[in-house]
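What follows is the residue order along each chain.
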Amino acid sequence: MNYGDIILFPLWLILLNFFFGKIRNTYKDPLLRKYHKQAFWVKMIGCVAFFIYSGILAPADSIGLFQREGNQIYQLILHDAENVKWLFRSGKDFDLTLLKENLNGPYYQSEANFMVIRLDAIFSFITFGRYSAISLIFAAIAFSGLWKLFLFFYSQYPKMHRQFAMAILFFPTVVFWSGGVMKDTICIAALGWITHALYELLYLKKSILKNCILLFVFGYLLVIIKVYILLAYVPFFLLFIILKKIHGVRNTILKFVLAPVLITATIFAFMQVLNSYDKELGGYAMEDVTTTITTLNSAMAQRNGADDAASNFKLGADFDGSYSGLIKMAPYAIGATFFRPFIWEAHKLSQLMAALESLVLIFFTLFTLFKGGFKIFIKLILTDPLIMYCFLFSIVFALFVGTS
């Protein structure tokens, strides 16, 4: 941090507060205005915490890769305007002799990494390349998506506003890991905006052009950065839309006829889309998913002795690379995503934070099951479209994350 950060950080904080304040004033509901203000400042505090962590305590990709190389492209363009071409080319085509740090070269082979570097470079033009100010912009983008996600859930069950606020706006992991220059920050923002756009477009039939643009922009970002989130999310959200529309049909017989037909049609259409885009999906194409997971497992196993190897832990089961093996491994993978690392598996500060949060989730899950009972738990999943879509997405996403 230098004098530029000291000046630009508070300046951008004031600008963002003014911008979101204008948005806040458009809400007539005082409850929404309260949550919007609280969530904004919690997100800004989370950004400061992440800035200190990633910039001082444990420097990693956020500053060593994304900021360093993004700032390098920004400086190259300032020196020679023709270098703006690098913003529109693939990371694989980047001239590696122009890197700030030679060791970052292999990371350019991943378009996901280069997308964040590209965004960092673009934001550098309005922040003079200051990491603190760019972090604020990334955090603000994440906040905008999280707010849209909160509004969606709030519209479904207004009386559960406290629960939704805690889960979406104030959950420690979400606040912290979407507070800076990272892939996760953009993914969280994209998920919120995609949810908002799909719901307005397909269910409310509102603002067709605007929502199509939003879907294109944030869908593209998610496909480039972490396509498996899109693969795990969109089918179940579409299922929610279908079931919600069927729920409004008064004729019981028509409901029973429409439900299986529309659900089957949606699944078939989605599978056709996946098969049509095998090349674009790469390792996450249907025929390559298990191969991709096996490769990632091997890469993790080879990190013994690396600086971040302490973050790894064994699932308790081995993946044999088959779909049947994936099913057998599912309970271990899903459990690891939701409830690990355990306290005794935490070897550094970031893991300790995750371990404490996982412990809370374990107690919360057990409390929910014992309080309502297993039968009620299953009944709610099968009868409430919102709960069904959330549960199915969580399970599939946890399987992707846990196995890899």
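Residues numbered from 1 in each chain as written. Predicted model: local features only at pLDDT ≥ 70, side-chain atom pairs only at ≥ 80, totals over all residues. Heavy atoms only, no water.

Another aspect to go through is the packing of helix α5 (residues 131-156) against helix α6 (residues 161-169). Two elements in contact, α5 and α6, have axes separated by 10 Å at closest approach and are oriented at 155°. Considering the angle they form, α5 stands roughly antiparallel to α6. Considering how the two elements wind past one another, α5 and α6 form a crossing that is right-handed. Between α5, through L146, W147, L149, F150, F153 and Y154, and α6, the contact on the second element is made entirely by H161, F164, A165, I168 and L169. A breakdown of the residues in the contact of α5 with α6 according to their chemical character gives 10 nonpolar, 1 polar and no charged. (Axes fitted to C-alpha atoms, helices over the stretch in contact; angles between N-to-C directions. Helix = DSSP H or I, 4+ residues; strand = E, 2+ residues; numbered from the N terminus. Parallel < 35°, antiparallel > 145°, perpendicular 65-115°, else oblique. Left-handed = near helix turned anticlockwise from the far one by under 90°. Contact = heavy atoms within 4.5 Å. Nonpolar A, V, L, I, M, F, W, Y, C, P; charged D, E, K, R; others polar.)

The phi angle at F128 is positive, at roughly 60°, despite the residue not being glycine. With respect to the helices and strands, the residue F128 is situated in the loop between α4 (111-124) and α5. We classify F128 as exposed; its relative accessible area is 56%. A positive phi angle is found at K205, which is not glycine, with a value near 55°. On the secondary structure map, K205 appears in the loop between α8 (183-204) and α9 (208-247). (Buried < 20%, exposed > 50% of the residue type's maximum accessible area, 1.4 Å probe, protein only.)

Turning to the side chain of S178, a few remarks are in order. Assignment of secondary structure puts S178 in the loop between α7 (172-177) and α8. A distance of 2.4 Å separates the side chain of S178 from the backbone oxygen of V174, its partner in a polar contact. Once residues lying within four places of it in the same chain are set aside, the contact partners of S178 are K43, A139, A142, L146, T185 and I188. (Polar contact = N/O pair within 3.5 Å; in protein donor to acceptor, adjacent residues only side chain to side chain.)

For side chains bearing opposite charge, pairing can occur when the charged atoms are close. Scanning the model with the defined rule gives 4 salt bridges in all. Close ionic contact of D184 with K226 constitutes a salt bridge, the shortest N to O distance being 2.6 Å. Linking D184 in helix α8 with K226 in helix α9, this pair joins segments that are 42 residues apart in sequence. Overall, D184 belongs to the partly exposed group, its relative accessible area being 24%. Under the relative-accessibility criterion, K226 is labelled buried at 18%. Between K210 and E200 there is a salt bridge, with the nearest N and O atoms lying 3.9 Å from each other. Pair noted here: K210 is in helix α9 and E200 is in helix α8, with a separation of 10 residues, a long-range link. We classify E200 as buried; its relative accessible area is 11%. (Salt bridge = Lys/Arg side-chain N within 4 Å of Asp/Glu carboxyl O.)

One finds I73, F150, L169, F237 and Y389 to be the most contacted residues of the largest nonpolar core, which totals 89 residues. Among all residues touching F237, those that are not within four sequence positions of it are F152, T195, L198, Y199 and Y389. (Core = buried A, V, L, I, M, F, W, Y, C linked by side-chain atoms within 4.5 Å.)

What follows concerns α9. Between its terminal C-alpha atoms α9 stretches only 24 Å, short of the 58 Å expected from 40 residues at 1.5 Å a residue. The sharpest bend along α9 reaches about 120° and sits at K226. (Expected span 1.5 Å × (residues − 1). Bend = angle between axes of the 7 residues up to and from the residue.)

This brings us to the packing of α5 against α8. Running from N to C, α5 and α8 cross one another at 35°; their axes reach a closest spacing of 7 Å. Relative to α8, the crossing made by α5 is left-handed. On the side of α5, the interface is formed by F138, A139, I141, A142, S144, G145, L146, K148, L149, F152, S155 and Q156, while α8 contributes T185, I186, I188, A189, G192, W193, T195, H196 and Y199. The class makeup of the residues in the contact of α5 with α8 is 12 nonpolar, 8 polar and 1 charged.

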